[in-house]
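# Observations on the three-dimensional arrangement
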Amino acid sequence: MKHFLNEDSSSIREKVVILDFGGQYSMLIARRIREAGVFCELLPYDTSWLEIEEHQPAGIILSGSPASVNDISAPYCDPAIYRGGVPILGICYGMHLIARELGGEVVKGSRSEFGRTAFKIVDREPLFEDDYFLDETSCCAWMSHQDEVLEVPPGFGVLALTENNTIAAIGDKENKIYGVQFHPEVFHTPGGTNVLKRFLFNVCGCSQSWTPRSFVNDAVAKIRDVVGENEKVVCALSGGVDSSVVAFLLDQAIADRAIYIFVDHGLLRLDEAAQVIKLYRERLKGQFIHVDAKKMFLAALAGVTEPEEKRRIIGAEFIKVFKDKALSMGDIAYLAQGTIYPDVIESGTVSGAAIIKSHHNVGGLPEELGFDLVEPLRELFKDEVRLVGAELGLPGSILKRQPFPGPGLAVRIIGDITAEKLTLLKQADAIFREEVYNAGLSEELWQYFAVLTDVKVVGVKGDDRHYGPVIALRAVISEDAMTADWARLPHDLLEKVSVRITGEIPDVARVVYDITSKPPGTIEWE
Ligand code: XMP
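Worth saying up front: this structure is predicted, and the values here are computed from it rather than measured.

In terms of helices and strands, the protein chain carries 14 helices and 18 strands. Against the globule reference of 24 Å for 526 residues, the protein chain gives a C-alpha radius of gyration of 26 Å, in line with a compact fold. Out of the 526 residues in the protein chain, the part that is buried amounts to 56%. Considering only contacts in the protein chain between residues 6 or more positions apart, those separated by 24 or more positions represent 76%. Working note: accessible area of the protein chain is about 22900 Å², and carbon and sulfur atoms make up 50% of it. Considering the protein chain, the positive charge centre built from 54 side chains and the negative charge centre built from 77 side chains are found 6 Å apart.

Below, the discussion takes up the domain arrangement of the protein chain. Split by domain assignment, the protein chain resolves into domain 1 (16–203), domain 2 (212–399) and domain 3 (418–513). Inter-centroid distance (C-alpha atoms) of domain 1 to domain 2 is 38 Å. Between domain 1 and domain 2, the contact holds 10 residues from the first and 10 residues from the second. Summed over both partners, the interface of domain 1 with domain 2 comes to about 890 Å²; 59% of that surface belongs to carbon and sulfur atoms. Taken as a group, Met27, Arg31 and Arg34 account for 55% of the area that domain 1 buries against domain 2, more than any other trio of residues on that side. Scanning the region where domain 1 abuts domain 2 turns up 2 salt bridges. With its nearest N and O atoms 2.6 Å apart, the salt bridge here joins glutamate 384 to arginine 34. One can count 4 residue pairs in polar contact (both at pLDDT 80 or more) joining domain 1 with domain 2. Elements represented by at least two residues in the side of domain 1 that touches domain 2 include exactly α1 (26–35) and β2 (39–44). Here the side of domain 1 that touches domain 2 takes 5 residues from β2, the largest share from any one element.

Further remarks concern the site of the ligand. The environment of the ligand is formed by 14 residues, the closest being Arg311, Gln447, Lys518, Ile523 and Glu524. Between the ligand and isoleucine 523 there is a distance of 2.7 Å, counted from an oxygen atom to a backbone nitrogen or oxygen. Considering the ligand on its own, with 490 Å² of exposed area, one finds that the protein chains cover 87% of that surface. Residue composition of the shell around the ligand, by class: 6 nonpolar, 4 polar and 4 charged. The residues that make up the shell around the ligand include at least three from each of domain 2 (212–399) and domain 3 (418–513).

If you walk through the whole model with that rule in mind, you get 31 salt bridges. The structure contains a network of salt bridges with shared partners spanning Glu434, Glu435, Lys496, Arg500 and Glu504.

The next thing to look at is the environment of glycine 415. Topologically, glycine 415 is positioned in the loop between α12 (396–399) and α13 (419–438). Judged by its relative accessible area of 11%, glycine 415 is buried. A sequence separation of 38 residues divides glycine 415 from threonine 453, and the C-alpha atoms of the two residues are 7.8 Å apart. Among residues more than four places away in sequence, those in contact with glycine 415 are Val304, Thr305, Lys310 and Glu526.

Cut-offs used in this document
Residues numbered from 1 in each chain as written. Predicted model: local features only at pLDDT ≥ 70, side-chain atom pairs only at ≥ 80, totals over all residues. Heavy atoms only, no water. Helix = DSSP H or I, 4+ residues; strand = E, 2+ residues; numbered from the N terminus. Rg over C-alpha atoms; globule rule 2.2 N^0.38 Å. Buried < 20%, exposed > 50% of the residue type's maximum accessible area, 1.4 Å probe, protein only. Contact = heavy atoms within 4.5 Å. Areas by Shrake-Rupley, 256 points an atom, 1.4 Å probe, with all protein chains shown as cover. Lys, Arg positive; Asp, Glu negative; His and termini not counted. Charge placed at Lys NZ, Arg CZ, Asp CG, Glu CD. Domains from an automatic or database assignment. Buried area = accessible area lost by both parts, 1.4 Å probe. Salt bridge = Lys/Arg side-chain N within 4 Å of Asp/Glu carboxyl O. Polar contact = N/O pair within 3.5 Å; in protein donor to acceptor, adjacent residues only side chain to side chain. Near = heavy atom within 4 Å. Nonpolar A, V, L, I, M, F, W, Y, C, P; charged D, E, K, R; others polar.

What follows is the structure, encoded as structure tokens:
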């Protein structure tokens, strides 16, 4: 299997390599660097210098780690990186490692420093040369460590000290090797991104070459290069932002040699399938195939109540339907997929991390389909995908679409799924979405949706006793879906939604609002 853009990514553009020692903020370091306009990639900490060199990095960052450098099993990187002539910045554990490996001394501190800590700049050059620090001699930073550098290695100087006089930043200017005890990547280190920028621009000499336009140009050229003059590419569209951006890139790169397949499983929200079909038909030059598989999915799901079983069935049905259609299209060499960077990392292919959630693989297509893969978004974070989508002219309805699970409404109907329940949930969900939108809150929320519970309760409608289902409303605020807070929606809004749902959908007996954050809850109910 070929991995698009990974085969030869070193030649694409200026790049910084982050060696990931398993720190909780490694992904955040990558985001900050990209936000600064520099492309970067996370590699496992034990990647050999030979392999790192192939990426032709402009700089290397050593991340934090839960380990201590004095542990017997402490992770360390190929020591050849220190002699490679590439600038290095160690963050927290990364700094301790540099200090220990190059002849300094690291000890367990007399007191641990966790959280916001003040530090004073001893030498501005080069990490604190930013205008941000012009009038600052004392700054605040986020620390999370127990170890400290007692003695800097030969050739190093101290650049900053904490208020307890422990070493907060070190540097060997001649060899361009630096370390900071604090976390410049986190929000709680004001000026942290300025430190990163000085490393990127002053020390590594990076330019701000990473932009959505440069990405589109690269990706289009690369697709043409990989696919060649004659081959065809098939692409599964879901209506979501990732697969849509892939489609619009393919459209620019190979126009009518792309074939798009939209498997309509009937589990999308009200009117959503019709909207995406219209958009794709109007905007894409390649052949667009709409497979109406609603009945097939309903039949396969009949009587199934267990959430993971629902996911498994939907994943398997999707593959079956897609495969049949794609293989019937004749000679197609490539499959384009909207795999994005967090999927690559979370599936463990980069850092050896465990698979975090099985549901990230739902809808993924198996290798035995026999296509070579084109995955132009493998390097992008979700917000970068949106920026690229905007650059390609995707409409706001797709770009601002809330994250939607691959198994769709199937995991928002608790218990078994029927056509009637689907209709009811779609109506309730549409009312909730409409009112949130009208209240001007849609962009503040990460996700907001209705759930059809399997609880029936007693109510009174008109003068009659009514016995019907409970609809639960869920709205959350989140950065990345890993954690989420329940949204404090205005009571007036909730009341309006409740009145409309119970009034417009006769069967619904009651509406409740979910006030559980994640953890301990999850965003979806199943
Ligand atoms: P949870 O419920 O685990 O959801 O807090 C986190 C994020 O993942 C989405 N989600 C899914 N996405 N297939 C998907 O593609 C799934 O099976 C699935 N389950 C949950 C969820 O909507 C939220 O954004």
